[in-house]
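If you want the building blocks of each chain, they are given just below.
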Amino acid sequence: MKVLALLTTLVTGAVLLYGTMDFPAFGDPNSPAAQHLSAYFIKNAVPETHVPNVVTAVLGDYRGYDTMFETVVIYCAGLAVMGILRKKKKQD
């Protein structure tokens, strides 16, 4: 069973690494995100959202649902950890 788990992990890792070969280089100023999205957010974030901070505008307005559900996932994970690690009272 451990061999099957190891094989599955190695195959999944190889597929993920193969998929990253088409990614642009880290910090590439000619990548599509740097050419289109960044320029749009820097130019339009303050006028469209009326928030003076570009990072807050992107996280709060443009990616609001994504940020909200990430917070919900972290909250649920915290509840699960607290539920698993809590000490039970001894009954007499």
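Structure: see above.
Residues numbered from 1 in each chain as written. Predicted model: local features only at pLDDT ≥ 70, side-chain atom pairs only at ≥ 80, totals over all residues. Heavy atoms only, no water.

All told, the structure shown has 2 salt bridges when counted by the stated rule. For Asp66, the salt bridge identified is with Arg63, shortest N-O distance 2.2 Å. Look at Asp66 and you get partly exposed, because its relative accessible area is 34%. In this structure, Glu70 and Arg63 form a salt bridge, with 3.7 Å as the shortest nitrogen-oxygen distance. Overlapping salt bridges bring together Arg63, Asp66 and Glu70 as one network. (Salt bridge = Lys/Arg side-chain N within 4 Å of Asp/Glu carboxyl O. Buried < 20%, exposed > 50% of the residue type's maximum accessible area, 1.4 Å probe, protein only.)

Positive phi, close to 60°, is recorded for His50, a residue that is not glycine. Counting through the fold element by element, His50 comes out in the loop between helix H2 (32-49) and helix H3 (54-62). (Helix = DSSP H or I, 4+ residues; strand = E, 2+ residues; numbered from the N terminus.)

Okay, the side chain of Ser31 next. With respect to the secondary-structure elements, Ser31 resides in the loop between helix H1 (2-19) and H2. Only 3.2 Å separates the side chain of Ser31 from the backbone oxygen of Asp28, close enough to count as a polar contact. (Polar contact = N/O pair within 3.5 Å; in protein donor to acceptor, adjacent residues only side chain to side chain.)

Along H2, the helix axis deviates most sharply at Lys43, where the bend reaches about 40°; the proline Pro47 sits within four residues downstream. Turning to H2, its buried residues are Asn44, Ala45 and Thr49. Contact partners of the buried residues in H2: H3. Where H2 ends, the next residue or the one after it, His50, has phi of about 60°, a positive value. (Bend = angle between axes of the 7 residues up to and from the residue. Contact = heavy atoms within 4.5 Å.)

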